[in-house]
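Descriptive structure summary
Here are the chains, one letter per residue:
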Amino acid sequence: MKVVALKEGNFSANKEKEFVFLEESSKGIKMSIQPFLVMTKTENILLDAGLGWFENDQPKIVVNLSEHGVTPSQIDKILLSHLHKDHISGLVNTSAEEWTLNFPDAEIYIQQREYEFALSKKGSLSFDFEILDFIIKNAEIIWMNEDSGSISNEITFQVTGGHSPFHQVFWIKNEEEIYFYGADNLPQSAYLKYHLAYKTDFDGKTAKDQRTEWEILAKKEHWKVLLYHDLEKSILEF
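Source: prediction; values computed, not measured.

Turning our attention to the sheet that holds strand S4 (residues 29–33). In sheet architecture, strand pairing relies on hydrogen bonds along the backbone and comes in two forms, parallel and antiparallel. The 3 strands are arranged S3-S2-S4 in an open sheet whose pairing can be described as antiparallel. In this open sheet, the two edge strands, each paired with only one partner strand, are strand S3 (19–21) and S4. Between one strand axis and the next, the sheet turns by 40 degrees as a mean value, whatever way the strands run.

So, about the UniProt feature "domain: Metallo-beta-lactamase" (unreviewed entry) in the protein. With numbering matched to this structure, UniProt assigns "domain: Metallo-beta-lactamase" (unreviewed entry) to residues 32–229. Within residues 32–229, the helical portion is 26% and the strand portion 26%, while the C-alpha atoms at the span's ends are 4 Å from each other.

As a further point, take the environment of Ala13. Looking at the secondary structure, you find Ala13 in strand S2 (residues 9–13). Using a relative accessible area of 8% as the deciding quantity, one classes Ala13 as buried. Not counting residues up to four positions away in its chain, the partners in contact with Ala13 are Glu18, Phe19, Gly28, Ile29 and Met31.

The rules we used
Residues numbered from 1 in each chain as written. Predicted model: local features only at pLDDT ≥ 70, side-chain atom pairs only at ≥ 80, totals over all residues. Heavy atoms only, no water. Pairing = 2+ DSSP bridges. Helix = DSSP H or I, 4+ residues; strand = E, 2+ residues; numbered from the N terminus. Axes fitted to C-alpha atoms, helices over the stretch in contact; angles between N-to-C directions. UniProt positions renumbered as here; feature names shortened; annotations may be inferred. Buried < 20%, exposed > 50% of the residue type's maximum accessible area, 1.4 Å probe, protein only. Contact = heavy atoms within 4.5 Å.

In structure tokens:
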């Protein structure tokens, strides 16, 4: 098994949830955007899908995949932690008047209750409802309804809440390694250094308490933690 970051870049996000390259603006919250590609013996899997950034008129996530010898048609599954626009917009190529899916052959795993919550927040700047609607209408959706379970022999999930009401996290395991993707409940390594409840979370205290539990298990079981928003690193090894 191999896991690699597909980094789109470092950005700043303002109160209107607009993202610009960090080199161009120092205002707002600073973060990277980096989905992850998981290559197992039988499948290629994406953990979230990025901001939908473009490089030379090509979706950046597709450019990044090509650097690892993977084409969009070779992506089998896409696991979404939640539905904020910086995690799903890379699923859609919006460069032309007629939009297309970047990964038309992939199954997209979405937590049903998180989708219902998103629909209740029309007008929220955290979501891109046009892109979300396009995904739901055109992609092959696997609706997830359980609080925890298995997606395959190697991948398990748990609905945690925290950053959003039905935010979910994933473990990818084989006989030798344990990768953990905490998404926006553990987006940067600094979240383990400073034990804080963040106001940007739906339930900051729950997310804070989970990080404490995960850190204990990570040290005990030698996890490799995947950091979606960390500016300097993509994988934190214990």
